[in-house]
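Notes for the structure review
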Amino acid sequence: MSDVAHRTAFITGGANGIGLGIARALARAGAKLALVDLDAEGLERAKAELSETTEVFTAALDVRDRAAYARVADEAEAKLGPVSILINNAGVAGGAPSSRMTYELWDWGMGINLGGVINGVQTFLPRIIERGAGGHIVNTASGAGLFAPPGNTLYCTAKFAVVGMSEALAAELEPQGVGVTVLCPGPVATGIMERTRASQPKVTKSMSTEQRGKAFATNEAARQALAAGVSPDAVGDMVLAAIRENRLYVHTDRVSAEPIKMRTKALLEALSHLSEGGAAA
Ligand SMILES: NC(=O)c1ccc[n+]([C@@H]2O[C@H](COP(=O)([O-])OP(=O)(O)OC[C@H]3O[C@@H](n4cnc5c(N)ncnc54)[C@H](O)[C@@H]3O)[C@@H](O)[C@H]2O)c1
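A brief look at the structure comes next.

What counts and what doesn't
Residues numbered from 1 in each chain as written. Predicted model: local features only at pLDDT ≥ 70, side-chain atom pairs only at ≥ 80, totals over all residues. Axes fitted to C-alpha atoms, helices over the stretch in contact; angles between N-to-C directions. Helix = DSSP H or I, 4+ residues; strand = E, 2+ residues; numbered from the N terminus. Parallel < 35°, antiparallel > 145°, perpendicular 65-115°, else oblique. Left-handed = near helix turned anticlockwise from the far one by under 90°. Contact = placed C-beta atoms within 7 Å. Nonpolar A, V, L, I, M, F, W, Y, C, P; charged D, E, K, R; others polar. Core = buried A, V, L, I, M, F, W, Y, C linked by C-beta atoms within 7 Å. Buried ≥ 20, exposed ≤ 12 C-beta atoms within 10 Å, placed from the backbone. Expected span 1.5 Å × (residues − 1). Bend = angle between axes of the 7 residues up to and from the residue.

**Considering the packing of helix H4 (residues 103-131) against helix H5 (residues 153-173)**
One can describe the packing of H4 onto H5 by two numbers: an axis separation of 9 Å at closest approach and a directional angle of 20°. Considered as vectors, H4 and H5 are oriented roughly parallel to each other. Crossing handedness for the pair H4 and H5: right-handed. Contacts between H4 and H5 involve Leu105, Trp106, Gly109, Met110, Asn113, Leu114 and Val117 from the former and Leu154, Tyr155, Thr157, Ala158, Lys159, Ala161, Val162 and Met165 from the latter. Tallied by class, the residues present in the contact of H4 with H5 amount to eleven nonpolar, three polar and one charged.

Written out as structure tokens, the structure reads:
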């Protein structure tokens, strides 16, 4: 999609962080914005800021709520016209070591980080295809959707799925004039850790002092890495460029480079155990 001007973009998690950075970039490029988020106050702040640049619709929405999603989509399109740019970005960090995981945590993390993306695609893709005027979908995954840092099983499960879904959609939708981008950020300076802590279901299984110490150190290291990360506005500019150039993958730094190489090497080495015909050598 070479020109986003006058198009309507629907951005989940648009009140803060990367979603707001993408909103700013799209607004400057002339797109109209529908911003949805759980954070009603954040939405108000974003609307006050972005209304100076473009038309803005906001609505409180939990991306896990399918009925509400469809309702809000109708309202947004009634206000701003057909949505042709969908940014599935709402997400949470969080999780727990596998020994402490609960079904409640699985449902929460998968529901937002994967289910939210599925719900966005189910809501808008049929409309975009039926209108036949093209479009673009951006799914926010993570570097942790391309390689698996230890201790991130819940997050990686959802984000790997978002990468796979995006690759499959890109191949399928290209002939229909719908582009797909999967955003795989490294550390970005947002408040995701704090917001996640406020919304994540409590893990009731008790922790040993050693586990507690480890969890604290891991969280602190992640918090510091994020604080030193790329700015959300810079990520917004990268996403806008990828939409214009119809690029599938967006990295935000080179942090993933070595782990991706190691994973690819391990996958190819596993193939080398097969003879040319396919049976084990
Ligand atoms: N910050 C990073 O370093 C980083 C790195 C890789 C991937 N990501 C991904 O980027 C995306 C945006 O994260 P961010 O860092 O900007 O975080 P953020 O907390 O600043 O923004 C995320 C937004 O999503 C909203 N949200 C959370 N759950 C929601 C729900 N159920 N329904 C609707 N809105 C909901 C939050 O209220 C928040 O406004 C996420 O998908 C995250 O996993 C972030």
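**Section: the environment of leucine 26**
Inspection of the secondary structure assignment puts leucine 26 in helix H1 (residues 17-28). Once the C-alpha coordinates of leucine 26 and lysine 79 are considered, the two residues, 53 residues apart in sequence, prove to be 18 Å apart. In this structure, leucine 26 is in contact with Val4, Ala9, Ala31, Leu33 and Leu240, ignoring residues within four places of it in sequence.

**Quick word on the nonpolar core**
By size, the foremost hydrophobic cluster in this structure holds 65 residues, and its most contacted members are Ala23, Leu26, Leu33, Ala34 and Leu35. Dropping the residues within four chain positions of it, alanine 34 is found in contact with Thr8, Ala9, Phe10, Ile11, Phe57, Ala76, Leu80 and Val83.

**Quick look at H4**
With 29 residues, H4 extends 40 Å between its outermost C-alpha atoms, agreeing within 8% with the 42 Å of an ideal straight helix rising 1.5 Å per residue. At glycine 111, H4 shows its maximal kink, close to 45°. Buried within H4 we find Trp108, Gly109, Ile112, Asn113, Leu114, Gly116, Val117, Asn119, Gly120, Thr123, Phe124 and Ile128. Just beyond H4, the residue with positive phi is glycine 132, at close to 70°.

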